[in-house]
Every structure is written in C-alpha cells, then in structure tokens.
Protein chains: 2
Amino acid sequence: MQAQAAGELALIAKIRTLAAGQTAPRITRGIGDDCALLRTKPGEELAITTDFSIEDRHFRLGWHNPVAIGHRALARGLSDLAAMGATPLASFLSLALPKRLTVAKGKTGSWMDHFYEGFLALARTEGAALAGGDLSECALVVADVMVIGTVPRGKALLRSGARPGDKLYVTGALGAGLLGLRILEGRRKVDMEAENAALHRHFYPQPRIAQGVALRGVASAAMDLSDGLSTDLARLCEESKVAAVVEARKLPRAPGATLDEALHGGDDYELLFTAPAKARVPRSIGGVMVTEIGEIRRRAKGRAPVTLVDGGKKTALAAHGWEHFSQ
Amino acid sequence: MQAQAAGELALIAKIRTLAAGQTAPRITRGIGDDCALLRTKPGEELAITTDFSIEDRHFRLGWHNPVAIGHRALARGLSDLAAMGATPLASFLSLALPKRLTVAKGKTGSWMDHFYEGFLALARTEGAALAGGDLSECALVVADVMVIGTVPRGKALLRSGARPGDKLYVTGALGAGLLGLRILEGRRKVDMEAENAALHRHFYPQPRIAQGVALRGVASAAMDLSDGLSTDLARLCEESKVAAVVEARKLPRAPGATLDEALHGGDDYELLFTAPAKARVPRSIGGVMVTEIGEIRRRAKGRAPVTLVDGGKKTALAAHGWEHFSQ
C-alpha cells in the first residue's frame, strides 16, 4: 500500500490481507465479490451485500428528492444481488440523518418519510422486505443498506470465473447515470426526450434481478456496473486474472450519452458479464437487451488489463470511473 | 407522531407502521427486537442486527483510540446477538471515513489499520469473521456493523416474552459505560482502581454471548443494555406489554458508579432478562455474575411502566438513558 496514493482498491486489498486466515467454514466467499456467500441450508447459499449512500458523495439533497434517494440506496444493494444471480430475501437499513429531516412539514410528511417511501416501494416490488436496521442522528445523511438474497448452492455468478476466449456482455444501455448527473450539475444539455430518460434512469435505476437469475448457468462471470465500465471491468479482470478487449462501436449507449460517459460513467447498475463463446446468450432478458461488447483475453505482463478498440485504434483503457479515496 | 418532539422510539414506531404489511414468509421477526430473525434451514434461524458507530455520537477521535473504536463497533452488534441467545456466524463492516485517517503514519500504520485491528481481534475471539462490507470517504467517521448469528429455531430470546410474576435480572455490573465516559469528559473523579476498571469496560465492552446461549430455555425475555437500564427496560416492558419494579439496593453497580449511572448509563452491554419465578437461574454464567434486580408486574393504565423502589420510596422511573433525536 502506498501511503499517499492509496485508492479504494488498495485499501480493500489491505483489508483482505488483514482479514485473511479467519476460520469461518460457513462463509463460502468473503471480501472481493459483489456479495459475500454464506452456507445455510443444504442446496442454498445466502448472498449478502452492504452499500453506503452518503450525502454529497452518492447524492445531493438539493438535486435528489428523498423518494429517489431511498430508491437508489436500496437499488445499489439489489444490483449487487443481481450480479450474483441471487433472489432478494430481506433488506436492512441503517439511516443516520439530521434531526430537521425527521420533522414533518405540514401534511406532506418529513424528508425521512419520503426516503422510506422510495425505499419501501422498491423493496415491495423486488421482494426485499425491510427486516431491521438502525437509526441515528448525524450532521449529514448516511444510509447503509444491507441486502440478503438466496442462490442455489454453487450457482452464484462470481467475478472470478471469466476465461480467455469468453465473450463480454452488458445488459441495457450505458452512460445514463453520469449523463443524468451532468444534467443536474448543469454541465450537459441534450434534447428533452434524452434528458427525461437520463434523469429517470439516474433517479430510479432498476436492479437487474431477473436478468441475473436468467444468467445462472450461462454466464462464466458477472458483476454490476456501479462505478463505470472502465473501473468495474478492470476489477473483473483482476479477480479472474484475465484481460479484456472492448469494442467502442458495440457499446450500447443511452440516448444522448457520449462514448466517454458510457465507458466511465457510474450509477448505471447494468450487469457486466462474460460467457463462453459457445454459450447461448439471449439477445434480451425480461425486456432488457443484452449486447456483446468485446471479449476476454489472456493476461500479458506489462500490458493494461483492458484495451479499447475504437475504429482501427487500440488504446489501453484506464479506469476513469468512480473510485473512493482516489480524488 | 409529534412533529417537534419525535424521539427515536416514535420514529421507529413510524417505520414499523410504514413497513407493515410486507409479505416475507422467511422473516420470522422483523423490526422491534435486538435482531431480526430469518428462517433458513430447518431447525435454525439467522439472527441479524445492524449498529451504527458515529463520530461525536458514539465516540470521539480525541478520547477513543482507534483499536477501541473498532472493538466497540463490533461489540455493539455482538451484544445484540447475545441478547437473542444467538451464536455469531459472520460480520460485515461498512466504514466511511476522512481520507487522512487511511494514511499510515511512519511504521505504526494508519488510524484505519488500528480500527480494523480492534474489530478483527474481537471478531476472531467471538467467531464473527468479517465477510464483507463497504468503504467510502466521508467528512466524519461512520461505521455500520452488521452481525449475523444462528439460533436453534424457536429458541431465540425475544423482548416480548416477559410475563407478570417473572423475576428481572442483569448480568455483570452497571454504570461503568457512563462512568468511563464522564471520566473522559473530566466530569467525574474516582479512585485509580475504579477509574482503570471503568475506562477498560468503556473502551472494551465484552458482549455476553456465552451468557445469552446459556439463557436459552431459561429466560422468558431478554435484551442488551446499550442505552441505559431505565430506557431499555421501558422498551422491554413495551414489547411485552407489562410493567416492572426495580429495587435500587439490589442493583449491581460497577466500582465507583453512582445509582444514577447504573440506572441511566448507556454502553454497558450487559444482558437484561426475565425468567419465571420457578426457573433455575444460575448465580453466575461463565464467570459473569447474574443478579436479580426486581420483578415484572401487570401493566396498569395511567401508571409508568417502570417503578423504582429506593428505601421505602416508590417512584416512577423515567427513561433517562440514551435516545437519539431526543436531545
């Protein structure tokens, strides 16, 4: 670990080292994937994930309405379940917030009421009933969401299963998360239809649960795109010890999104997955399109893990997505 | 819910209402106890709890060393498992902190390294291996700890099982948590032996896992004392729909602690439990003493749920322990 420039990945690698050597026979998979896996009953594993949503980091009170903030907080965790091919079982919400946000304004309810409204609506739709949590006062809003799901034993989609020769896929379209953010920041203008679509995707991302379940037994590796394709694909390559080539022209972009936004934008919550060249990968699952965007290669020493092919040009694709502690 | 004076209890009651009517057959018990219970394999339930530890609310960087902060963050969750009679299975840690605390100072490691040191040492001792979590940058330190344990099906100790005529008990001694805090604040002076003992208990509380397990089948209700006896006993009475009488002279006080500190002090992490008058309650479990401190009565309309008998005087014991959003 470099003391000055330690990014999130380096810190997590360090925590993995510190936590190594723990005896825990029922933890099938610990730190390093979208969810941890716990063995419970025969034939089943629990997939568990926790995700922060922090004011001024994951959302802004001035830009995001509380219903959307609650929805997004849970969607982050559900998206991790989707990436494991798991089905939601229960959710837990730890919410710290300033006292003023708990106070009802007239008949419309408090900020906190609306936060729960967004959270619970998605919990109902996805079968992730709120089972507990914690509540505390805090100078800023910090939500930590834990989601538990189930997956048939040995069927979870891991980040580590990609092999050279596998094809690389994404669900849906990329770039709407970042495009929506830039519209909120006043940094980007697109036509009204694209703007509405991007903002809706940004405020109400849809976790790809049904798609993850359908990919069990098909995908060789999977993860969700929360921090941007360039960053997340580098992580998948790291866990699978492989390299990847992405073809720019194949990338499905959200309406109005640039190539840059599709490559590096976070908050898309689509699935990134690999499958053997011979696998039967459907072109769409549950109404969400599936697109081949490149392939997995052998890792070569001294070469970047991810290469972008754009026209005839090949360049190393640096991880320019979201990484905490790296700014 | 009163808009202006809504304390933590009122807010949680409101969340329970909002979350009511969720369909979740595998959630045996949701919001309202020390842990949620999830049915997994036949004969077993999972006990799950999440607990915040927030800078300037649960600890101060100037008063608490990072090893103690890490220990306490996990101890809070383990204490909730103990209160259910559950055995630890795994832990999850979501940690948000300022970047400077991730930077190593010379050879001694960073603040974050020492936080994990305290957390992981307790995790090893108690069999709660760290299985995952989240990491984020934040202006202040916010840790959210999730602990998962197992308990034989139907054997979990609930808050709701106390019946009129049951005797009331606590493990260990009370008041050291608050006495330790007041010593740190410079508000209390006691002799050096009592000071060392109180500070040690304050920094390194011991979750009563073995005691909780031993109380399965003996206790009729149980919870852990995290917010102070007066507050927590009122919660137990509320969940069991009973009243309670506490005898001041019977209260086991930590060395140097006043009656007030034993009654209202938080952070003791002892177990509070009830058992039928005929039950065989051991005088000590695993070297920790067990003391009868009062009994459970029928609830009477218009009367306070908890009565304190001190000498010949009976007074209503108001909940003066820790409650968020009430200051």
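Note that the structure is predicted; figures quoted are calculated from it, not measured.

In this section: the packing of helix 2 (residues 66-84) of chain B against helix 3 (residues 111-126) of chain B. All names here are of chain B. The N-to-C vectors of helix 2 and helix 3 enclose an angle of 40 degrees; their axes lie 6 Å apart at closest approach. With respect to each other, helix 2 and helix 3 are oriented oblique. Once helix 2 is placed against helix 3, the crossing between them reads as right-handed. Residues Pro 66, Val 67, Ala 68, Ile 69, Gly 70, His 71, Ala 73, Leu 74, Ala 75 and Leu 78 of helix 2 lie in contact with helix 3, whose contacting residues are Trp 111, His 114, Phe 115, Tyr 116, Glu 117, Gly 118, Phe 119, Leu 122, Ala 123 and Glu 126.

So, on to the sheet that holds strand 5 (residues 130-137) of chain B. Remark on secondary structure: sheet strands pair via backbone hydrogen bonds, oriented parallel or antiparallel. Residues and elements named next belong to chain B. If you trace the 6 strands from one edge of the open sheet to the other, you get 1-2-3-6-4-5, paired in mixed fashion. Only two strands of the sheet have a single neighbouring strand rather than two, namely strand 1 (27-29) and strand 5. Direction aside, neighbouring strands of the sheet carry axes that sit 20 degrees apart on average. In this sheet, strand 3 (residues 44-54) lies alongside strand 2 (residues 36-39) in antiparallel orientation, the contact comprising 4 bridges.

The interface is formed by 55 residues belonging to chain B together with 55 residues belonging to chain A. Among the elements that line the side of chain B that touches chain A, the one with the most residues is strand 5 of chain B, at 8 residues. Residue composition of the side of chain B that touches chain A, by class: 33 nonpolar, 12 polar and 10 charged.

Here we take up the relation of the copies chain B and chain A. Of the transformation placing chain B onto chain A, the axial shift is 0.0 Å and the rotation is 180 degrees, giving an RMSD of 0.0 Å. One copy is carried onto the other by what is essentially a two-fold rotation axis. Scanning chain B for the C-alpha nearest the rotation axis identifies Lys 41 of chain B, at a separation of 2.2 Å. Interface residue correspondence from chain B to chain A reaches 100%, placing this contact among same-surface, isologous pairings.

Residues and elements named next belong to chain A. The 6 strands are arranged 1-2-3-6-4-5 in an open sheet whose pairing can be described as mixed. The sheet is open, and its two borders are formed by strand 1 (27-29) and strand 5 (130-137), each paired with just one other strand. On average, each strand axis in the sheet is tilted by 20 degrees relative to the strand beside it, whichever way the strands run. Where strand 1 meets strand 2 (residues 36-39), 2 bridges bridge the pair, whose relative direction is antiparallel. Along strand 2, the bridge assignment pairs Ile 27 with Leu 38.

Moving on, we come to helix 5 (residues 192-203) of chain B. Residues and elements named next belong to chain B. With 12 residues, helix 5 extends 16 Å between its outermost C-alpha atoms, agreeing within 8% with the 16 Å of an ideal straight helix rising 1.5 Å per residue. Within the span of helix 5, buried status applies to Ala 197, Ala 198, Arg 201 and His 202. Down the axis of helix 5, the smallest arc covering the buried residues is 130 degrees, so these residues share one side. Facing away from the buried side of helix 5, by more than 90 degrees, are the exposed residues Met 192 and Glu 193. For helix 5, the secondary structure elements touched by its buried residues are helix 4 (176-185).

What follows is about unusual backbone geometry. A negative phi angle is the norm for most residues apart from glycine, just as the trans form is the norm for most peptide bonds. Of note, Asp 267 of chain A is a non-glycine position whose phi angle comes to about 65 degrees, a positive value. Here Asp 267 of chain A lies in the loop between helix 8 (259-264) and strand 10 (271-275).

This brings us to the domain arrangement of chain A. Residue and element names in this part refer to chain A. According to the domain assignment, chain A contains domain 1 (8-152) and domain 2 (159-316). Each of domain 1 and domain 2 has a C-alpha centre, and these two points are 22 Å apart. Each partner contributes residues to the interface: domain 1 has 22 residues there, and domain 2 has 20 residues. Of all elements in the fold, only helix 2 (66-84) and strand 4 (87-97) reach the threshold of two or more residues within the side of domain 1 that touches domain 2. With 12 residues, helix 2 is the single largest residue contributor to the side of domain 1 that touches domain 2. Grouping the amino acids of the side of domain 1 that touches domain 2 by side-chain chemistry returns 10 nonpolar, 6 polar and 6 charged.

Residues and elements named next belong to chain A. Burial within strand 6 (residues 142-152) is extensive, with 9 of its 11 residues counted as buried. Pairing geometry for strand 3 (residues 44-54) and strand 6, over 11 bridges, is antiparallel. Along strand 6, the bridge assignment pairs Leu 46 with Thr 150. Pairing analysis gives 9 bridges linking strand 4 to strand 6, with the strands arranged antiparallel. Counterpart to Leu 95 in the pairing with strand 6 is Ala 143.

Scoring rules and cut-offs
Residues numbered from 1 in each chain as written. Chains lettered and ligands numbered in written order. Predicted model: local features only at pLDDT ≥ 70, side-chain atom pairs only at ≥ 80, totals over all residues. Axes fitted to C-alpha atoms, helices over the stretch in contact; angles between N-to-C directions. Helix = DSSP H or I, 4+ residues; strand = E, 2+ residues; numbered from the N terminus. Parallel < 35°, antiparallel > 145°, perpendicular 65-115°, else oblique. Left-handed = near helix turned anticlockwise from the far one by under 90°. Contact = placed C-beta atoms within 7 Å. Pairing = 2+ DSSP bridges. Nonpolar A, V, L, I, M, F, W, Y, C, P; charged D, E, K, R; others polar. Least-squares fit on C-alpha atoms with pLDDT ≥ 70 in both. Expected span 1.5 Å × (residues − 1). Buried ≥ 20, exposed ≤ 12 C-beta atoms within 10 Å, placed from the backbone. Arc of directions from axis to C-beta. Domains from an automatic or database assignment.

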